[in-house]
Amino acid sequence: MQFTAEQIAALLNGTVEGDPSVAVSQLAKIEEAGPGSLSFLANPKYEQYLYGTNASIVIINKDQLLASAVKATLIRVENAYSAFSVLLEAYNTIKLDKSGIEQPCFIHPSAQIGENVYIGAFAYIGPGVKLGDKSKVYPNTYIGDNAVIGKNVTLFAGVKVYFDCVLQDNVIVHSGAVIGSDGFGFAPTTDGNYQKIAQIGNVILEENVEVGSNTTIDRATMGSTIIRKGAKIDNLVQIAHNVEVGANTVIAGQAGVSGSTKIGENVMIAGQVGLAGHLSIANGTQLSAKTGVNSSIKEEGKAWGGTPYMPYKDYLRAHSKLRQLPDLDKKVYELEKIINELKNK
Amino acid sequence: MQFTAEQIAALLNGTVEGDPSVAVSQLAKIEEAGPGSLSFLANPKYEQYLYGTNASIVIINKDQLLASAVKATLIRVENAYSAFSVLLEAYNTIKLDKSGIEQPCFIHPSAQIGENVYIGAFAYIGPGVKLGDKSKVYPNTYIGDNAVIGKNVTLFAGVKVYFDCVLQDNVIVHSGAVIGSDGFGFAPTTDGNYQKIAQIGNVILEENVEVGSNTTIDRATMGSTIIRKGAKIDNLVQIAHNVEVGANTVIAGQAGVSGSTKIGENVMIAGQVGLAGHLSIANGTQLSAKTGVNSSIKEEGKAWGGTPYMPYKDYLRAHSKLRQLPDLDKKVYELEKIINELKNK
Amino acid sequence: MQFTAEQIAALLNGTVEGDPSVAVSQLAKIEEAGPGSLSFLANPKYEQYLYGTNASIVIINKDQLLASAVKATLIRVENAYSAFSVLLEAYNTIKLDKSGIEQPCFIHPSAQIGENVYIGAFAYIGPGVKLGDKSKVYPNTYIGDNAVIGKNVTLFAGVKVYFDCVLQDNVIVHSGAVIGSDGFGFAPTTDGNYQKIAQIGNVILEENVEVGSNTTIDRATMGSTIIRKGAKIDNLVQIAHNVEVGANTVIAGQAGVSGSTKIGENVMIAGQVGLAGHLSIANGTQLSAKTGVNSSIKEEGKAWGGTPYMPYKDYLRAHSKLRQLPDLDKKVYELEKIINELKNK
């Protein structure tokens, strides 16, 4: 598909400088763009690229001054970054515009399927499942018995949703993520073995939650493991049974949350962080990469680092000294000798 | 399905206090239970909830004293916790009671399929595979050539078992786990590239092993990567080639074990722990979360922490001082000044 | 299949000592081998096993001296290790020799399928996909719209490749790996929620790249996430959007690379390492297990450890002192008392 500068300007409520009939068919970074590409300039740091870019069209801020001639057709808008985001989103919507039911797929006769859904080949929709309108179930995806999937949900290829789980409207789950596998619960027996504790709860993903690829979210022993609305979870994250993740909390790749821990709202958890079980983490907490949290955090909005964790500033100060610890050790040893000499005088 | 207090009491060998005909259809925590729910009280800490619960039936210990009136029908048993576990297990068995062969699935003519199995749609059972009686292969699961799957094994949706691997009786593997992918073995060549070393061994999961979702267990270069009977492995764990995990060892989420390391029996490995390759870890070892083990552990039954690892108590003591390291550094600097003054006198 | 000592010697350009007609059907380690097995001796450390092995044939170095009688037939070659690697590879090639198209699978009419490919049952090949000659797509694998797969590529069972991604010749991807899921990009909105930033780029895996099981490689926001030729990535690794991994770089299990970081060539990254975003890592850098890298590394070929990272030797020295930190702290406290006494005199 091709769009002209004039069409795009109309969409973005912008004004054209240059040839309004020039057409583009793809989006690209200003420094990499070729002919037929649309790009944008929002960050002044990149202004240099504007004058040499091969992009056919560049979206710029209304008030952008030009230091020299520009080959590309310009579209001036209120906010170039937002405008480009709108186009990215539109582009993506077209890319991901799937509908209809591909064959072969498996839809149990007792499942209730909404309107305008996409169900890919080899998708499995089990007994009693409810699938809401406009939802997309990509190929090789599995939805277990009695799971409830809301409207406009996207399950990419190979997602697995175990029985009884609930995914509310607009949830997005990326490939290979597993929602609702058994919590890791075993009771030691007198003969040194372990007996499995049945995990009969479920997982609830509230509205607008996004889950990354190959992330695992275990079902509760009883009750629900809950991810509150708007929370965003990256790839390869482990969420154990009975955890609750607060609204709009963000969890980066390879972080792990142990059983029954309750994370507040608007918390930011960086990559490879680990949280022990049965903790409570205050709203707005920030955990830097690889932090290990072994006790509850009660103060809101503070930043932490290290394992075991400490205030982020202390973490930076302490670890910057760590490298010199052998020198400090040596110095103390030498001071001790001098002191002993002084004492003996 | 509904069960009356009388039926449940008979099953648990308990006695009813209250209406024996009251019926329940689900299990719930005592603090969250609604009408129609069955709950239990085992931990005295939760006694308060007994008097206000909306559960229709509560299982309690035989000798539980009542501080005030209870609305729910009570079933008194020897051990409320064990009794409830029995019910959880029964509930789960009903939930997971699948049998028959769904279509379309792929069963190679040379595969040997036992009695009373469940094979879900889009499951793939390759040439020469043996699948034991009562085993369940959920949808979208792959079993490669000549793999041997014992009796009463459960492979949840989307599990992948590579060729030649062996899963003994009662093994449970959760969704997305990969059993038998190639070990990470490459030999540097003189031109700076890497040549793949063929990985021709297999993986053996002995009886009663459970493997969590999206965990990966690599096949041996030659011989077998072995998980001994009763070992429990959580989600997103990496087990490299030629590793051996001892009987009844427990490995929590996101831990990783490097190639050829031998882990003893009844070892407990917490989340995000890492073990280097070619190590030997003594029976009963306990590794706290995020521990990094870079040498063999010979003493049995000891607890360790930190990276590189040290005795757990030393780890706690050392890291509690770490935060004050900058202050210590400053103090030594000041003492040095004083000492120099003293010396110069 | 069986091969005689004579046939194997001819293949390896070696000479037979013993019965040239003895036949073997499998490969095994010298210390575990039984009758009918072929083994090898390259490391002098294992020479003892040569005299007792039950292997029917053992490959040894041309110049290997024998301290006593050997039961097995010997094949002498220039380099026993290399010769055995050749056999391992040959064995593996036979094991993985799949071809043809199994049914049911899904091949979109607009897809272009090369010669001599293997497409397993329940594999999904989307609209516009190009699949090169001799490539193997195992069962339950998903290839999204317009993805381009080169020649002799192997996608094991359950791999997912999102739309528009490019996998060049000889790439191997293990089960459950996800190539091209959305980068983790969200812009905070004024009401405290997050808006998804559309991810419209792709992933390029260059020639001879190998990707481990359940590893995730996110597509670029715009442009490409690139893994350069010959790079080897282990299991459960997270590669974020817009990352570039240099040629022949090796990344071990559970390591993670944050967005837009550029890793040089021949870098070695051990298990559970984490790299922050927007960094540049010099060629030949070596990162030990669990290292946390939070700034760019400019010097080539150096080794690092710790979190935050420091030179590897400093890391070892500092951490070896860490355990004694409480003692050091106590000693300084005592020295302080002595100094104060001295001062007061």
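Residues numbered from 1 in each chain as written. Chains lettered and ligands numbered in written order. Predicted model: local features only at pLDDT ≥ 70, side-chain atom pairs only at ≥ 80, totals over all residues. Heavy atoms only, no water.

Looking at an unreviewed UniProt entry, chain A carries the name UDP-3-O-acylglucosamine N-acyltransferase, with the source organism given as Mucilaginibacter corticis. What UniProt states about chain A under its Catalytic activity (unreviewed entry) heading is, verbatim, "a UDP-3-O-[(3R)-3-hydroxyacyl]-alpha-D-glucosamine + a (3R)-hydroxyacyl-[ACP] = a UDP-2-N,3-O-bis[(3R)-3-hydroxyacyl]-alpha-D-glucosamine + holo-[ACP] + H(+)". According to the UniProt record, the Pathway (unreviewed entry) comment for chain A reads "Bacterial outer membrane biogenesis; LPS lipid A biosynthesis." (UniProt positions renumbered as here; feature names shortened; annotations may be inferred.)

A. Spotlight on the sheet that holds strand S38 (residues 292–293) of chain C. One open sheet accounts for 10 strands, arranged S9-S12-S15-S18-S21-S26-S29-S32-S35-S38 (chain C); its pairing is parallel. Each edge of the sheet is formed by a strand with only one pairing partner; in this case those strands are strand S9 (106–107) and S38 of chain C. (Pairing = 2+ DSSP bridges. Helix = DSSP H or I, 4+ residues; strand = E, 2+ residues; numbered from the N terminus.)

B. Summary view of the confidence of the model for chain A. Residue-level pLDDT values for chain A average 94, and 100% of them are 70 or greater. Reported confidence for the predicted complex is 0.92 by ipTM and 0.94 by pTM. (pLDDT = per-residue confidence, 0-100.)

C. Region of interest: the relation of the copies chain A and chain B. You can overlay chain A on chain B at an RMSD of 0.1 Å; the transform is a turn of 120 degrees with a shift of 0.0 Å along its axis. Expressed as an axis order, the relation between the two copies is that of a three-fold axis. (Least-squares fit on C-alpha atoms with pLDDT ≥ 70 in both.)

D. Summary view of the packing of helix H4 (residues 312–322) of chain B against helix H5 (residues 325–344) of chain C. Remark: H4 of chain B packs on H5 of chain C, axes separated minimally by 8 Å, with the N-to-C direction vectors making an angle of 55 degrees. With respect to each other, H4 of chain B and H5 of chain C are oriented oblique. Residues Arg317, Ala318, Lys321 and Leu322 of chain B of H4 of chain B form the contact with H5 of chain C, whose own contacting residues are Leu325, Pro326, Asp327 and Asp329 of chain C. The residue inventory of the contact of H4 of chain B with H5 of chain C, partitioned by class, reads four nonpolar, no polar and four charged. (Axes fitted to C-alpha atoms, helices over the stretch in contact; angles between N-to-C directions. Parallel < 35°, antiparallel > 145°, perpendicular 65-115°, else oblique. Contact = heavy atoms within 4.5 Å. Nonpolar A, V, L, I, M, F, W, Y, C, P; charged D, E, K, R; others polar.)

E. Representation of the environment of Thr261 of chain C in the model. All names here are of chain C. In this structure, Thr261 sits in the loop between strand S32 (256–257) and strand S33 (262–263). What makes Thr261 buried here is its relative accessible area of 0%. In this structure the C-alpha to C-alpha distance between Thr261 and Thr4, which are 257 residues apart in sequence, comes to 52 Å. Look past the residues within four positions of Thr261 in its chain and what remains in contact with it is Asn242, Val243, Glu244, Ala276, Gly277, His278, Leu279 and Ile281. Of note is the side chain of Thr261, whose polar atom sits 3.0 Å from the backbone nitrogen of Leu279. (Buried < 20%, exposed > 50% of the residue type's maximum accessible area, 1.4 Å probe, protein only. Polar contact = N/O pair within 3.5 Å; in protein donor to acceptor, adjacent residues only side chain to side chain.)

F. Expanded view of helix H1 (residues 5–12) of chain B. Residue and element names in this part refer to chain B. Along H1, the residues classified as buried are Ala5, Ile8, Ala9 and Leu12. All buried residues of H1 lie within an arc of 100 degrees about the axis, which places them on one face of the element. Residues Glu6, Ala10 and Leu11 are exposed on H1 and point more than 90 degrees away from its buried face. Note on H1: the residue one or two positions beyond its end, Asn13, has a positive phi of about 60 degrees. (Arc of directions from axis to C-beta.)

G. Structural view of the sheet that holds strand S32 (residues 256–257) of chain B. Residue and element names in this part refer to chain B. In spatial order, the strands read S9-S12-S15-S18-S21-S26-S29-S32-S35-S38; together these 10 strands make up an open sheet with parallel pairing. The strands lining the two open edges of the sheet, one partner per strand, are strand S9 (106–107) and strand S38 (292–293). By the bridge criterion, two bridges tie S9 to strand S12 (residues 124–125) in an arrangement that is parallel. Note on S12: the bridge partner recorded for Ile107 is Ile125.

H. Spotlight on the interface of chain C and chain B. Contacts between the two partners involve 62 residues from chain C, matched on the other side by 67 residues from chain B. Together, the buried faces of chain C and chain B total about 5,100 Å²; carbon and sulfur atoms form 64% of this surface. Of all residues in chain C, Phe122, Lys290 and Arg323 of chain C bury the most surface against chain B, accounting for 11% of the area lost on that side. Ionic pairing is found between Lys95 of chain C and Asp164 of chain B, a salt bridge with its closest N-O pair at 3.0 Å. At the boundary of chain C and chain B, one finds 26 residue pairs in polar contact (both at pLDDT 80 or more). Broken down by secondary-structure element, the contributors of at least two residues to the side of chain C that touches chain B are helix H3 (80–95), strand S28 (232–233), strand S31 (250–251), helix H4 (312–322) and H5 of chain C. Per-element tally for the side of chain C that touches chain B: the top contributor is H5 of chain C, with 10 residues. Within the side of chain C that touches chain B, the residues separate by chemical class into 31 nonpolar, 15 polar and 16 charged. (Buried area = accessible area lost by both parts, 1.4 Å probe. Salt bridge = Lys/Arg side-chain N within 4 Å of Asp/Glu carboxyl O.)

I. Molecular detail of the UniProt feature "active site" (unreviewed entry) in chain A. All names here are of chain A. Per the UniProt record, the feature "active site" (unreviewed entry) sits at His241. For His241, the location among the structural elements is in the loop between strand S29 (238–239) and strand S30 (244–245). The class for His241 is buried, based on a relative accessible area of 15%. Residues in contact with His241, not counting those within four places in the same chain, are Gly183, Phe184, Gly185, Gln199, Asp218, Arg219, Ala220, Thr221, Thr225, Gly259 and Ser260.

J. Up close: the interface of chain A and chain B. The partner chain B presents 62 residues to the 67 residues of chain A that form the contact. In total, about 5,100 Å² of surface goes out of reach between chain A and chain B, with carbon and sulfur atoms giving 64% of it. On the chain A side of the interface with chain B, the three residues burying the most area are Phe184, Tyr194 and Met222 of chain A, jointly 14% of the side's total. Summed over the shared surface of chain A and chain B, the result is seven salt bridges. In this structure, the connection of chain A to chain B is made through 25 residue pairs in polar contact (both at pLDDT 80 or more).

K. Broad picture of the packing of aromatic side chains. In the structure shown here, the tally under the stated rule is 39 aromatic pairs over all chains. Ring geometry for Phe40 of chain C against Tyr81 of chain C: centres 6.1 Å apart, planes inclined by 50 degrees, an arrangement best described as tilted. Of the two residues, Phe40 of chain C sits in strand S5 (residues 37–41) while Tyr81 of chain C sits in helix H3, which places them 41 residues apart along the sequence. Judged by relative accessible area, which is 18%, Phe40 of chain C ranks as buried. Through a chain of ring-to-ring contacts, three or more aromatic side chains come together here, namely Phe106, Tyr124, Tyr142 and Tyr162 of chain A together with Tyr118, Tyr138 and Phe156 of chain B. Stacked on the ring of Phe163 of chain B, the Lys or Arg Arg219 of chain B has its end atom at 3.9 Å from the ring centre. (Phe/Tyr/Trp six-rings, centres within 6.5 Å; stacked < 30°, edge-to-face > 60°. Lys NZ or Arg CZ within 6 Å of the ring centre and 35° of its normal.)

L. Broad picture of the pattern of salt bridges. Applying the stated criterion across every chain yields a total of 41 salt bridges over all chains. The salt bridge partner of Lys98 of chain A is Asp145 of chain C, with a shortest N-O separation of 2.8 Å. Of the two residues, Lys98 of chain A is situated in the loop between helix H3 (80–95) and strand S8 (100–101) and Asp145 of chain C in the loop between strand S15 (142–143) and strand S16 (148–149); the pairing between them involves two chains. The exposure class of Lys98 of chain A is buried, given its relative accessible area of 14%. Among the ionic pairs, Glu206 of chain A bridges to Arg228 of chain A, the shortest N-O distance being 2.6 Å. Within this pair, whereas Glu206 of chain A is found in the loop between strand S24 (202–205) and strand S25 (210–211), its partner Arg228 of chain A is found in the loop between strand S27 (224–227) and strand S28 (232–233), the two being separated by 22 residues in sequence. For Glu206 of chain A, a relative accessible area of 15% translates into the label buried. Each of Asp314 and Arg317 of chain B together with Arg323 and Asp327 of chain C takes part in one network of salt bridges that share partners.

M. Quick peek at the pairing of S5 of chain C. Residues and elements named next belong to chain C. For S5, the buried fraction is high: five of the five residues fall into the buried class. Taking every second residue as pointing to the same face, both faces of S5 are buried, with Ser37, Ser39 and Leu41 on one and Leu38 and Phe40 on the other. Pairing of strand S4 (residues 26–27) with S5, which is carried by two bridges, proceeds in the parallel orientation. By the bridge assignment, Gln26 is partnered in S5 with Ser37. Sheet analysis places S5 next to strand S6 (residues 57–61), joined by four bridges and oriented parallel. Among the inter-strand pairings, Phe40 is bridged to a residue of S6, identified as Ile59.

N. A look at unusual backbone geometry. A cis amide bond links Gln103 of chain B to the next residue, Pro104 of chain B, at an omega of -5 degrees. Along the chain, Pro104 of chain B falls in the loop between strand S8 (100–101) and S9. A cis amide bond links Thr307 of chain C to the next residue, Pro308 of chain C, at an omega of -10 degrees. Relative to the helices and strands, Pro308 of chain C resides in the loop between strand S39 (303–305) and strand S40 (310–311). You will see that Asn116 of chain C, though not glycine, has its phi angle at about 55 degrees, which is positive. Within the secondary structure, Asn116 of chain C is located in the loop between strand S10 (112–113) and strand S11 (118–119). We note that Asn152 of chain C has phi near 55 degrees; this positive angle belongs to a residue other than glycine.

O. Structural context of the pairing of strand S21 (residues 178–181) of chain B. Residue and element names in this part refer to chain B. Direction of pairing for strand S18 (residues 160–161) relative to S21: parallel, over a ladder of two bridges. Bridging from a neighbouring strand, Val161 pairs with Ile179 of S21. Across three bridges, S21 lies against strand S26 (residues 216–218) in parallel orientation. The residue bridging Ile179 from the neighbouring strand is Ile217, located in S26.

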